[in-house]
Amino acid sequence: MKYGFIGCGNMGGALATAVSKATTDILLSDFSAEKAKNLAEKLGCSCGTNDEVFSKCESVFLGVKPQVLGNMLACSLDKIRENDPLLITMAAGVKIEKIEEMLGFRARIIRIMPNTPAAVGKGMILYTANDRVTKEEISAFLSDMRFSGVLDELSENLIDAGCAVSGCGPAYMFMMIEALADGGVACGLPRDKAIKYAAATMAGSAQMVLDGLGHPEQLKDNVCSPGGTTVAGVAALEGNGFRSACIKAVQKGFEKSRELAK
């Protein structure tokens, strides 16, 4: 089969959903057989065991936690050596070199740092690969991942920093949407409308940046009329350490990725 997924949790499931829009030639496996079965039925693909995934699939997404990756690979090492699939790892903090050490040989490995918006085609997926992966394999991978969102190649020494922004970032975005909605409710808006307004505003603002309509600072200034409502709100955010909190959140995520690598 073309693709295998080991781990059908939030991230593995999101990527499987995106890839299934390009091909349903997919085999799923999860610690919870029921979870794999339910996702397979939803996507119109198949499910099986880890060994079956490594034996039958050309490319395998490794969607398990960094803490269990080594044991999972060890349990199927014979199958991995025999079939030599392209391995696509998304384990935070785990370098390609470390996975090669776990396997005891230089497998073909692509390391990715995706985020959950990939499930709706709006993900930010960072990727890098070792020199055993061919240009043709990279091209095929990018083509089949095209429905997941934006894919951007990044040097592996910067992957952890990138993950601290884009990988962790959706949680921060959701928190801000919720907080803005709470503010709206405090001012009298119905909850459902407050959430809709906050989410749509965030999506539209992000699209302006992605479309190159200006630097975030300039776009912010464009909304801030002298003595107006927006600059009053900006002052409140600054007074409560908004920027500092965002910077510290990214730094903490980065530090945690480095811890997981040890």
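What you see is a predicted model; the values in this text were computed from it and never measured.

1. Considerations on unusual backbone geometry
Positioned with a positive phi, Asp 84 is a non-glycine residue whose angle comes to about 50°. Assignment of secondary structure puts Asp 84 in the loop between α5 (77-83) and β5 (86-89). For Asp 84, a relative accessible area of 19% gives the class buried.

2. Notes on the pairing of β5
Here β5 shows no split at all, with Leu 86 and Ile 88 on one side and Leu 87 and Thr 89 on the other all buried. Two elements, strand β4 (residues 59-62) and β5, share four bridges in a ladder whose sense is parallel. Within β5, the residue paired with Ser 59 across the bridge is Leu 86. Where β5 and strand β6 (residues 109-113) come together, three bridges link them in parallel fashion. Paired with Thr 89 across the strands is Arg 111, a residue of β6. With helix α6 (residues 96-103) bridging β5 and its parallel neighbour β6, the resulting β-α-β unit is right-handed.

3. A word on the sheet that holds strand β2 (residues 26-29)
An order of β3-β2-β1-β4-β5-β6-β7-β8 is seen for the eight strands of this open sheet, with the pairing classed as mixed. Each having just a single partner strand, β3 (46-47) and β8 (149-153) make up the two edges of the open sheet. Two elements, strand β1 (residues 3-6) and β2, share four bridges in a ladder whose sense is parallel. Counterpart to Tyr 3 in the pairing with β2 is Ile 26.

4. Thoughts on the environment of Phe 105
Tracing the backbone shows Phe 105 in the loop between α6 and β6. For Phe 105, a relative accessible area of 18% gives the class buried. When the C-alpha atoms of Phe 105 and Leu 237 are compared, they prove to be 51 Å apart, with 132 residues separating the residues in sequence. Non-local contacts of Phe 105, meaning those with residues more than four positions away in its chain, are made with Ile 80, Arg 81, Asp 84 and Glu 100.

5. Focus: the pairing of strand β7 (residues 123-129)
Most of β7 sits out of view: five of its seven residues are buried. Across five bridges, the pairing between β7 and β8 is parallel. Paired with Met 124 across the strands is Val 150, a residue of β8. In this fold, β7 hands off to helix α7 (residues 135-144), which returns the chain to β8; that crossover is right-handed.

6. Some thoughts on the packing of aromatic side chains
Counted under the stated rule, the structure contains three aromatic pairs. A ring pair is formed by Tyr 3 and Phe 61, whose centres lie 5.8 Å apart and whose planes are at 45°; its orientation type is tilted. Note that Tyr 3 is positioned in strand β1 and Phe 61 in strand β4, a separation of 58 residues in sequence. In terms of burial, Tyr 3 and Phe 61 fall into one category: buried. Between Phe 5 and Phe 61 the ring centres are 4.3 Å apart and the planes differ by 5°, which places this aromatic pair in the stacked class. Here Phe 61 lies in strand β4 and Phe 5 lies in strand β1, a separation of 56 residues in the sequence. For the residue pair Phe 5 and Phe 61, the accessibility class agrees, reading buried in each case. Taken together through their ring pairs, the aromatic side chains of Tyr 3, Phe 5 and Phe 61 make up a single cluster.

Basis of the calculations
Residues numbered from 1 in each chain as written. Predicted model: local features only at pLDDT ≥ 70, side-chain atom pairs only at ≥ 80, totals over all residues. Heavy atoms only, no water. Helix = DSSP H or I, 4+ residues; strand = E, 2+ residues; numbered from the N terminus. Buried < 20%, exposed > 50% of the residue type's maximum accessible area, 1.4 Å probe, protein only. Pairing = 2+ DSSP bridges. Right-handed = clockwise from strand over helix to strand, strands pointing away. Contact = heavy atoms within 4.5 Å. Phe/Tyr/Trp six-rings, centres within 6.5 Å; stacked < 30°, edge-to-face > 60°.

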